[in-house]
Structure formats: structure tokens, C-alpha cells
Amino acid sequence: MNTSFYYKTKKISINVLIHAFLLAVAVTCLFPLLWMIASSFKTQETIFSDISLIPKQFHFMNYWIAIKECDFGRYFLNSIFYTVSVVCGIVIVSSLAAYAFSRFKFPGKNIFFYMFMAAMMIPIPGSFVALYILLNKLHLRNTPLGYILCMINVGLSTSIFLLKTFFDKMPKELEDAARIDGCSKLGIWWHVALPLSGPVLAVVVVFNALAVWNEYILALIIFDTKTSMPLQVALQTFQGEFVTNYPLLMAGLTIAAVPIIILYLVMQKYIIKGVTQGAVVG
Amino acid sequence: MIGGIKNFKGVLVFSLLTLASINLAGCSSQPSTQAKGKSISVWHWMTDRQTAFEELAKRYEAATGVKVNFELYAPSDAYSQKVRAAAQGINLPDIFGILGEKRDFSSFIKAGHILDLTSYMNENDQAWRNIFFPKALALNEFNEDNSYGINTGTYGVPIDIMTIQMLYNKDLFKQLGLDPEKPPVTFQEFIDIGKKIKETKLQGMVSGWGEVWMIDCLANNYAFNIMGKDKVLATIRGEVSYTDPDWIEVLGLFEKMRNSGVLSDGLISMVNKTAEQLFANGKAVFAFNGSWCVNVYKGMNPNLNYASMLPPKVSDKYPMAIWGGAGSSFMVNARGQNKEEAVKFLKWFSARDQQTYLSEKTNNLSANKECVGSISEVLSQFAKSMDFATHPNIWGVSEFPAVIEALDKGIQTIILGEKTPEQVAAEVQKVKVRELDKKKNK
Amino acid sequence: MKIKDTLENYCFVLPAITIFTVFYIIPFFWVFQLGLFDWDGILPTKIFVGLANFKEIIFQDKSWWQSMGNAGWVTLIALTFQNALAFLLAMACDREMKMKNFYRVIFFIPPVLSEIVVGMVWGFIINDVSGANIINRMLIGIGLPQLAHSWLNDPKTALTTVAIVHCWKGFGWGFLIFLAGLQTIPRELYEAARVDGANAWQQFKGITMPLMVPVIVLVAILTVLGTMQAFALIIGLVGGELGGHTSVPVLRILASMRGSSRFGYACAQGITFGVVLVMISFIQYRFSQKGKHN
């Protein structure tokens with residue numbers, strides 16, 4: 001009786017400790033988000049004088065101005081288009097390559113893999129100018145395709161590295177079974193490898209979606225027309241050269257954060273789904 | 001087993017299909033950038049003026065039938081990269097602005113990107129030239145003896161002027177027991193106020209000294225006051241050492257300011273936007289800022305009771321100098337297909353009525369001296385101090401960037417209390433000698 | 001048959017290699033080439049200087065190596081503190097417990113937030129001039145007033161303070177990848193161990209750690225990359241280089257490009273920086289391969 005009581009209290013107190021720790025971290029994570037949302041309802045004069053998280057007056061106009069006057073809709077759609085294209089491109093191209101690096105043998109495999117790894121490390125400063133001239137020569141400057149290809153390249157190395165690490169960890173038995181059943185290599189990649197790598201694919205999707213969603217410098221440099229610009233470019237103009245309209249900026253930032261948060265909510269389910277698969281595979 | 005993941009793949013296929021369709025639509029609706037008919041494109045970075053620019057473009061189209069597209073690219077760093085990239089690809093628009101020092105400006109001219117406007121300025125008895133404040137135009141001019149090797153001439157159209165000086169909060173002056181109409185005139189008076197500020201919870205002077213160029217600006221102001229323009233320029237030419245007692249005195253001023261409490265605590269980790277918030281919200285007694293701040297403070301706190309003042313002088317030997325001149329300028333693309341149209345537009349754009357509109361809309365000082373816009377009192381104070389204005393870009397020589405960096409960083413370490421003025425002077429001079437040697441060896 | 005097999009294998013990597021060659025390798029060689037020139041980024045003429053830029057960086061540019069040291073310090077804090085936090089949180093959320101999904105969502109907020117918001121909010125929490133200075137008030141509240149000071153303006157604490165905010169901003173990624181890694185460990189392994197009478201610590205040491213080594217190395221490499229290249233947060237919190245105390249390589253490269261208009265030198269700096277990063281990461285990677293074989 002006594003020992004079981006002891007274990008019970010011990011378990012409860014450990015749980016309480018864990019929850020206290022998790023809650024403390026969670027509060028620091030939530031505060032900036034709430035502050036951003038609260039600020040988006042304030043006015044330029046009250047944003048720094050009234051520091052409470054619940055504004056005394058809600059100025060919904062900030063959102064209206066951000067959406068209506070700044071042609072947010074157009075930029076928003078552009079951003080969605082670029083993000084989806086780039087992420088799909090990266091998922092396909094990098095998972096094919098990572099699968100080959102993990103499973104197949106071919107001459108130069110290590111050299112290629114190390115090359116991708118090295119590329120991940122070496123940032124090219126002034127690569128914007130180089131990319132600009134390159135796209136100009138390829139007649140891809142000022143086109144969505146040029147931008148998408150550049151952005152796929154940006155996320156490629158890291159994604160290959162992430163995926164290869166997880167492919168290496170995955171058991172090969174299911175693939176062997178599929179091969180015996182007469183499945184082609186491409187078929188195994190599509191029907192077996194990809195489904196099993198759900199959790200890491202979700203990470204790759206979120207990682208690259210966030211990178212594309214927040215990118216603006218390359219877009220600003222290679223596009224000459226407003227109609228092709230992504231959302232972040234519009235947000236940068238809210239942050240004025242001298243005068244920053246903070247509430248408007250916060251409204252814009254809040255709107256811009258919503259799709260990424262939704263995407264994450266969807267994707268994190270796949271990270272949990274991995275549990276059941278692991279069980280089946282094992 | 002893999003039901004969930006089948007969804008995943010479904011999503012993938014679905015998005016690819018959707019994309020394919022959007023992409024097709026996107027391609028077909030792509031507007032042609034080479035629109036027929038007359039149209040001029042302008043690139044700029046001035047976020048707060050885009051609306052006013054667009055309105056002026058509308059008026060111009062109504063008057064002449066020529067369409068002007070103002071394309072805004074912000075922030076200015078990204079804009080700067082875009083212009084440089086476009087220059088490499090020979091894709092610059094008809095009209096654009098350049099951010100950077102005179103050296104960069106001269107490189108753009110050498111590379112053949114910028115049209116020499118001298119002949120247009122001089123037409124009809126210098127009619128166009130005469131509408132500008134000479135000091136505003138000076139930033140866009142290269143004189144006969146310039147060290148950049150550029151042909152004498154005018155290469156840009158100034159659209160506004162700015163000066164950088166000190167501001168003080170009148171209400172806080174009263175609170176400190178000071179006369180709000182009598183800002184400190186001498187450096188000693190300024191330092192003494194610092195002692196009073198120290199006793200209160202107020203902040204002293206705020207400014208964007210985290211980004212170093214504004215430190216450089218104040219140091220130069222005092223160098224002019226202590227040793228005069230000729231000696232400053234002689235230092236830049238390498239004829240006077242930075243270890244000269246006059247320069248050590250300049251550096252020593254920062255140590256004095258630091259010790260007196262007249263500087264705000266977090267001054268050297270401050271960006272200008274933070275400094276502006278603090279001053280606008282009445283938390284800081286002094287600010288060191290450019291004339292653009294009038295518009296900023298108006299937006300943050302319309303009731304702010306403040307005035308501008310010259311930096312308090314140290315010596316009576318030479319006049320105090322502040323930085324000022326053209327704020328922003330437009331250049332015409334020498335390779336553009338609409339050069340003549342672009343020049344015509346800029347003539348119209350810089351004329352009195354348009355400049356009056358722009359000045360009133362954006363609280364900027366126009367470069368056009370005939371501009372009659374009603375401006376606020378503080379802004380007119382800034383305008384009056386134009387008499388004291390100078391700018392590195394009109395000196396005809398430039399200091400090596402590495403030396404400027406060593407000086408600015410050195411002043412930061414003085415304010416941090418890590419180094420003495422003598423140490424910093426010696427370090428700066430070391431960099432100077434190194435750079436001079438490098439230049440000789442080329 | 002074998003040739004066909006090899007070709008088939010190549011087809012898997014072909015798309016990646018094509019994109020990579022066109023959009024990375026070609027620009028990379030241009031940039032490397034520019035590193036051999038004295039060029040301001042605008043002039044049509046470039047002066048060939050050979051390896052002079054590289055020599056200057058390696059032997060003369062003290063502020064460059066100071067910035068490398070600063071980035072190294074921030075990276076060290078991120079590798080230890082940030083990754084330990086991420087791992088602990090991932091372990092906690094991997095358990096069966098209440099509010100698991102809530103935490104999973106909340107912990108990913110910092111990476112999603114814009115740098116602008118992070119800079120403003122943390123400035124507000126830490127800064128005693130423009131902010132509410134919550135940290136100092138707490139220190140005074142718990143009886144440690146001697147510790148309260150200007151965290152971001154004291155050259156001794158500025159860099160570390162920035163590093164901690166950086167860790168806070170970045171731990172969500174490590175958390176996510178660790179969680180994905182933990183989820184791939186079959187639950188049966190733990191059940192079997194429990195049947196054998198292994199306690200929690202033994203399970204952690206015997207099952208979790210060995211299986212997580214590749215993931216830990218992965219996160220470590222990504223942390224090094226992400227941290228060494230971070231700079232926006234530094235500008236947001238301390239405005240710039242604070243007399244060199246918070247300078248990092250990327251800020252130096254940008255200063256060469258903009259402030260001094262030394263485009264060629266900036267390219268050479270970028271290459272040098274990359275080479276150092278490659279060396280660090282390869283050491284980490286080799287280490288992990290070794291760990292795997294043991």
C-alpha cells in the first residue's frame with residue numbers, strides 16, 4: 001500500500017514538474033504572438049503607450065487598410081502559388097535524390113552527396129547579382145518560373161540531407177518485399193519509401209514553406225512588375241523608410257502568419273501518424 | 001496501413017494539378033512590360049512618398065498623355081541591391097535613384113548608366129538650374145577638380161533637401177528647470193544639462209548610433225568646428241594625422257558626453273526607429289536626427305513640443321557645421337530609350353507646383369527654392385539651418401571606407417568606456433596609413 | 001543489365017543535380033572568380049588581384065576574425081542550450097500525456113514569427129531604455145538587484161543575451177525534427193525493455209540515444225548553419241555591431257558590400273566563411289558516421 005502510494009505521488013509530482021516546465025516555455029512562445037495580434041488592433045499613438053495585451057479599443061480598420069489599400073489579395077495569391085510550387089518541387093526532387101543516395105550504388109555517389117552538403121554550408125554573398133545575370137541570360141528573369149527554380153535550389157540541399165538521414169534509419173524489409181512482388185524502383189519510392197517517411201516529409205514541407213513564404217529579397221530583385229511580387233514584398237513597404245505604421249505592419253504580419261500556422265497544424269498530424277506506422281513496420 | 005499517407009500523396013498530386021492550371025493562367029495574363037505608347041518607368045525606395053508620387057504621375061498623364069510608372073522597392077538595402085543587379089544586366093529603368101556615397105555615384109557614371117544633365121540644366125539661361133537650392137544641386141555635381149575622374153557636370157535632379165541636427169523637448173526642458181526657448185549654445189552648457197538629466201529618470205540624447213553613420217556625422221560636425229574645413233579635408237588627403245591634438249579633442253568630446261550623462265544609456269545599441277519612438281513619446285530630452293523626423297514625430301505624437309538646435313559649439317575659431325544637402329535625387333538612365341521624355345518629366349516634376357504638393361503631402365523640404373508650401377515651424381528651422389550645411393559628398397575627396405569604419409567603431413568603444421580617445425586616434429591612423437600604402441601600390 | 005541499372009539510379013538524382021548545377025554551381029564559380037578581383041560592384045572594369053583579398057581576410061582583417069569568434073560563441077550556446085531544450089521538450093511531448101497537441105503547436109510559434117516582432121517583443125522584455133525591462137524587474141523582485149543591468153548595452157552580456165533570444169527563436173526546429181525522429185522509434189522496443197525490467201534511464205540510454213544519434217547530428221549541423229548565418233535578430237536587438245562586440249560574419253560581408261563597396265572582397269569573405277562552415281560540418285558528419293558504425 002505504502003509503496004504504491006509513494007510511486008503514485010512520485011509520478012504525479014514528476015508530471016507536475018514536467019507540465020510546469022512545458023507551460024513556462026509555452027508562455028514565452030505565446031506572448032509575442034498575442035502581442036502582435038493585440039498591436040494590430042491599436043493605433044500608431046497607442047501602440048507604445050498602451051502596452052496591455054488587450055487593447056482598450058479595437059481598430060479593425062488596420063486590417064481593412066492592409067487588405068484593401070495595399071492590394072494584399074493579389075500578393076497573397078502570388079505567395080501561395082510560389083510556396084506550393086516550390087514545396088512540391090522540392091519534395092519530389094529532393095526525395096528522389098535522397099532515396100538514391102540512401103539506397104542505391106552508382107559511381108560518384110559520394111562526391112555528389114558531399115557536394116550538396118557543401119552547398120548547404122556555403123552561402124553565396126552577392127549571389128543575387130550572379131543569379132540575376134544568370135536568369136537574364138536564360139530569359140527567366142521577371143518570370144515566376146525563374147523565381148520558383150531558384151527557390152527550389154535554395155531548399156534542395158537541406159531537404160536532401162534531412163530526407164537521407166531518415167531514409168537511412170528506415171527498415172528495408174518492406175522495400176525488399178515490394179521488390180519481390182515486382183515493383184519497379186520508382187514504384188518502391190512512391191508506394192513504400194514516401195509513405196513511410198511521413199514525419200520527415202512534414203518537416204521538409206514546413207521548413208521549405210516557411211523559407212519561401214518569408215523570402216522577399218530575391219523576388220524584389222528579379223521581378224520588375226508588382227503583379228508578380230509575393231506578400232513579403234508588400235509587408236516590407238509597410239515598414240517605411242522613415243515612418244513605420246506599426247499597427248498596419250502588425251496587421252499585415254498577422255495575416256501573413258495565418259497560412260503558415262494552418263499548414264503547420266495540418267502537417268504536425270503527419271508527425272504523429274508516424275507512430276502507428278512505426279508500429280506496423282516493426 | 002498507409003491511409004493517412006495516401007492522403008498526403010493525394011494532396012501532392014492535387015496541388016501539382018492546381019498549380020499547372022494556375023501557372024497556365026498566370027502565363028497568359030502576364031502583362032507585357034514593353035508597353036507600346038509613351039511610358040516612363042521610375043524606380044525608387046521612398047515608401048512614404050509612393051502615394052504622392054502616384055498622384056503626380058496621374059496629373060502628368062492627364063496633362064501630357066505620357067504614363068509614368070513609379071515602382072516602389074523597399075527596404076532601401078534591397079533596393080540598392082536591385083539597382084546594382086539591374087545595372088549589371090543593363091536593365092535599369094528610365095529614371096532611378098542611387099543610394100550610397102559619391103564614389104558609388106561616380107562608378108555608375110563611369111559605367112555609362114547616368115545621363116549628364118548639364119546641357120538641360122543650362123538651357124534658356126540656366127532656367128532649370130536656377131530653381132534649385134545650390135547646396136541641393138551640389139550633391140549631384142562633379143566639379144573640375146574632383147578626385148573621381150568624372151567630367152564636370154550635373155548628373156542628378158534633387159527632389160528634396162535635408163539637414164541633420166539636434167532636437168530638444170521643450171516640455172522636458174521646463175521639467176528640468178530650464179528655459180525652453182534657450183537651448184544650450186556651448187558644449188559646456190550641454191554637458192551641464194547632462195548632470196541634471198542624470199538625477200532624473202529621463203534619457204539624455206537618443207539617436208540611431210547602433211547604425212554607425214550618424215556617429216560619423218556628429219564627429220565630423222565637431223571636427224569642422226574645432227579645426228575648420230581645410231584641416232578636415234587635409235586629414236582625408238592624408239596630410240594631417242588622426243593623432244593630431246585637434247582630432248583627439250573631437251574624440252574626447254564623446255568621452256565627455258558619456259561621462260556627463262547627457263547621452264541616453266542604450267545609445268550605441270539603438271536603431272534610429274527606436275530613438276524616434278523614445279523622443280516622440282517624451283522619454284528623451286535630446287535627439288540627433290535628420291529633418292525627415294518631423295514627419296515621423298507627427299505620426300507618433302502630434303502634440304510633441306520640440307524644437308531644433310545646432311549641435312552646441314566647442315570653439316569659436318571655426319563655424320559649426322552640420323550635414324545637409326539633397327536628401328534624395330533622381331537620375332536619368334543614359335541607355336534608356338525615353339531619355340528625352342524622362343528629362344521632360346523630371347523638369348515638370350521638380351517645378352514649383354508639383355514640389356509644393358509633394359512637400360505638403362510628405363512633410364519634406366523641397367529642393368526647389370521657389371516652393372511655397374506651408375511647412376511646420378520645426379521644419380522651417382531645419383530649412384534655415386541649411387546655411388550651416390555641408391556634406392562629405394561635396395568635399396571632392398572621400399575618406400577610405402575602412403578609415404570611416406575604424407573611426408565610428410572607435411567612438412563606439414569610447415562610449416562603451418573600453419578605450420581612450422588617444423588609443424582610438426592611434427588605431428584610426430594605423431588603418432589610414434595601411435590604406436594609403438595600398439593605394440600607392442596600385 | 002548493369003548499365004541500365006546504373007542509368008536508372010542516375011535518373012533519381014538527375015533533376016536535383018541539374019537544378020543544382022545551373023542555379024548553384026555556376027553562380028558559385030562566378031562569385032569565387034569575383035573574389036579574385038578588386039571591384040566595387042558597379043564599374044565595368046575589374047582589377048585582378050589574385051589571392052590578395054583572401055590574404056587580407058586571413059592575415060589582416062581582425063574584425064573579420066572577431067566576428068567569426070562571436071558567431072562561434074553564439075553557435076556554441078545554440079548547440080548546447082538550444083538543442084538540449086529542444087530535445088527535452090521533444091521527449092516530453094513524445095510521451096502519452098495531456099495537452100500534448102497543445103504544446104506541439106505552441107512550441108512552433110517562435111520560428112513562424114517575423115524577426116521584426118521577435119526583435120520588438122524581446123527588446124521590450126530586456127531593454128531598459130525603450131522597453132519595460134521585465135527581466136531586471138524580476139531580478140530585483142527575487143532579491144538579486146546586483147544582477148540587474150543593461151543587458152544589451154553591456155559589451156560583456158550583449159552577445160550572450162542575443163544568443164539566448166536566438167535559441168528561443170530557433171528551438172522549435174530542433175523540437176520538430178527530434179519529435180519526428182522519436183516517432184520513428186518502434187514502441188515495441190520500449191515495451192520489450194520494460195518487460196526485461198529496464199528503468200526509464202536505461203531505456204533512454206539503451207534505446208533512445210543510440211537510435212537518435214543520426215538525428216542529433218542532423219540537428220546539430222542544421223543548428224550550426226542556421227546560427228552562423230543569423231544576423232537579422234542582432235540588428236533587431238542591438239542595432240548593429242556594438243563596436244564589434246556583436247558583429248557576425250554576415251554583417252561583415254554586408255558591410256563590405258554596401259558600406260565600403262568592396263564587392264570582390266565581400267565575395268572572398270563569403271567563400272572563406274563557407275570553407276570554415278564546410279570544415280566544421282564535415283567534422284560533425286564524420287563523427288556521426290563513426291558513431292553509427294560503433
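What counts, and at which threshold
- Residues numbered from 1 in each chain as written.
- Chains lettered and ligands numbered in written order.
- Predicted model: local features only at pLDDT ≥ 70, side-chain atom pairs only at ≥ 80, totals over all residues.
- Helix = DSSP H or I, 4+ residues; strand = E, 2+ residues; numbered from the N terminus.
- Buried ≥ 20, exposed ≤ 12 C-beta atoms within 10 Å, placed from the backbone.
- Contact = placed C-beta atoms within 7 Å.
- Rg over C-alpha atoms; globule rule 2.2 N^0.38 Å.
- Expected span 1.5 Å × (residues − 1).
- Domains from an automatic or database assignment.
- Nonpolar A, V, L, I, M, F, W, Y, C, P; charged D, E, K, R; others polar.
- Pairing = 2+ DSSP bridges.
- Axes fitted to C-alpha atoms, helices over the stretch in contact; angles between N-to-C directions.
- Parallel < 35°, antiparallel > 145°, perpendicular 65-115°, else oblique.
- Left-handed = near helix turned anticlockwise from the far one by under 90°.

1. Examining the overall build of chain B
The number of helices and strands found in chain B is 17 helices and 14 strands. Counting only residues that meet the buried cut, chain B has 48% of its 442 residues in that class. Contacts spanning at least 24 positions in sequence make up 77% of the contacts within chain B whose residues lie at least 6 apart.

2. A word on the overall build of chain A
The helix and strand inventory of chain A stands at 13 helices and zero strands. Each helix and strand of chain A, placed in order from N terminus to C terminus, yields the pattern α-α-α-α-α-α-α-α-α-α-α-α-α. The C-alpha atoms of chain A give a radius of gyration of 24 Å, which is well past the 19 Å a tight globule of 282 residues would have. In terms of principal-axis extent, the alpha carbons of chain A reach across some 80 × 70 × 30 Å. When each of the 282 residues of chain A is scored for burial, the buried share is 51%.

3. Here we look at helix H3 (residues 76-88) of chain B
In this model H3 of chain B runs 18 Å from its N-terminal to its C-terminal C-alpha over 13 residues, within 8% of the 18 Å that 1.5 Å per residue would give. Among the residues of H3 of chain B, those classed as buried are Ala78, Tyr79, Ser80, Gln81, Lys82, Val83, Arg84, Ala85, Ala86 and Ala87 of chain B. Next to the buried residues of H3 of chain B lie helix H6 (127-137) and helix H11 (217-222) of chain A together with strand S1 (39-44), strand S3 (95-96) and helix H4 (102-110) of chain B. Of the residues flanking the end of H3 of chain B, it is isoleucine 90 of chain B, one or two places downstream, whose phi is positive at about 50 degrees.

4. Let's talk about the domain arrangement of chain B
All names here are of chain B. In terms of domain boundaries, chain B breaks down into domain 1 (39-159 + 327-368) and domain 2 (163-323 + 396-441). Computed from C-alpha atoms alone, the centre-to-centre distance between domain 1 and domain 2 is 31 Å. Facing eleven residues of domain 1, the contacting portion of domain 2 comprises seven residues. Considered class by class, the residues forming the side of domain 1 that touches domain 2 number one nonpolar, five polar and five charged.

5. Considerations on the domain arrangement of chain A
Accessible area lost when the parts come together is the quantity often used to give the size of an interface. When cut into domains, chain A gives domain 1 (2-39) and domain 2 (61-281). For domain 1 of chain A versus domain 2 of chain A, the separation of C-alpha centres amounts to 33 Å.

6. Re the interface of chain B and chain C
The partner chain C presents 24 residues to the 32 residues of chain B that form the contact. Elements with a contribution of two residues or more to the side of chain B that touches chain C: H3, H4, helix H11 (272-280) and helix H16 (401-416) of chain B. The element best represented in the side of chain B that touches chain C is H16 of chain B, accounting for seven residues. The residue inventory of the side of chain B that touches chain C, partitioned by class, reads eleven nonpolar, eleven polar and ten charged.

7. Re the sheet that holds S1 of chain B
All names here are of chain B. Spatially, five strands are ordered S2-S1-S3-S12-S6 in an open sheet, and the strand pairing comes out mixed. Each edge of the open sheet carries a strand with a single partner, namely strand S2 (67-72) and strand S6 (157-158). Pairing of S1 with S2, which is carried by six bridges, proceeds in the parallel orientation. Note that in S2 the partner of serine 39 across the bridge is lysine 67.

8. Focus on the packing of helix H3 (residues 62-94) of chain C against helix H10 (residues 200-228) of chain C
Residue and element names in this part refer to chain C. It is the contact of H3 with H10, at a shortest axis distance of 9 Å, that shows an interaxial angle of 140 degrees. The angle between H3 and H10 falls in the class oblique. Considering the relative orientation of H3 and H10, their crossing is right-handed. Between H3, through Ala71, Val74, Thr75, Ala78, Leu79, Gln82 and Asn83, and H10, the contact on the second element is made entirely by Val219, Ala220, Thr223, Val224, Thr227 and Met228. The class makeup of the residues in the contact of H3 with H10 is eight nonpolar, five polar and no charged.

9. With respect to the interface of chain C and chain A
Taken together, the 64 residues of chain C in the interface contact 68 residues of chain A. If one sorts the elements of the side of chain C that touches chain A by residue count, helix H1 (residues 2-34) of chain C sits on top with 18 residues.

10. A few points about the environment of lysine 226 of chain A
Residue and element names in this part refer to chain A. Relative to the helices and strands, lysine 226 is located in the loop between H11 and helix H12 (231-238). Overall, the presence of 17 C-beta atoms within 10 Å leaves lysine 226 in the partly exposed class. With 152 residues separating them in the primary sequence, lysine 226 and arginine 74 have C-alpha atoms 9.5 Å apart.

11. A closer look at the packing of helix H4 (residues 72-103) of chain A against helix H7 (residues 144-169) of chain A
All names here are of chain A. Put simply, H4 and H7 touch, their axes get as near as 7 Å, and they point 40 degrees apart. On the basis of the axis angle, H4 is oblique to H7. Note that H4 runs across H7; the crossing there is right-handed. Across the contact of H4 with H7, the residue classes break down as 16 nonpolar, seven polar and three charged.

12. Considerations on unusual backbone geometry
Among all residues save glycine, negative phi is the norm, and among peptide bonds the norm is trans. In this model, alanine 74 of chain B is joined to proline 75 of chain B through a cis peptide bond whose omega is 0 degrees. Positionally, proline 75 of chain B belongs in the loop between S2 and H3. At asparagine 124 of chain B, a residue that is not glycine, the phi angle is positive and equals roughly 45 degrees. Backbone geometry at leucine 242 of chain C places phi at a positive 45 degrees, although glycine is not the residue there. Residue class for leucine 242 of chain C comes out buried when judged on the 26 C-beta atoms lying within 10 Å of it.

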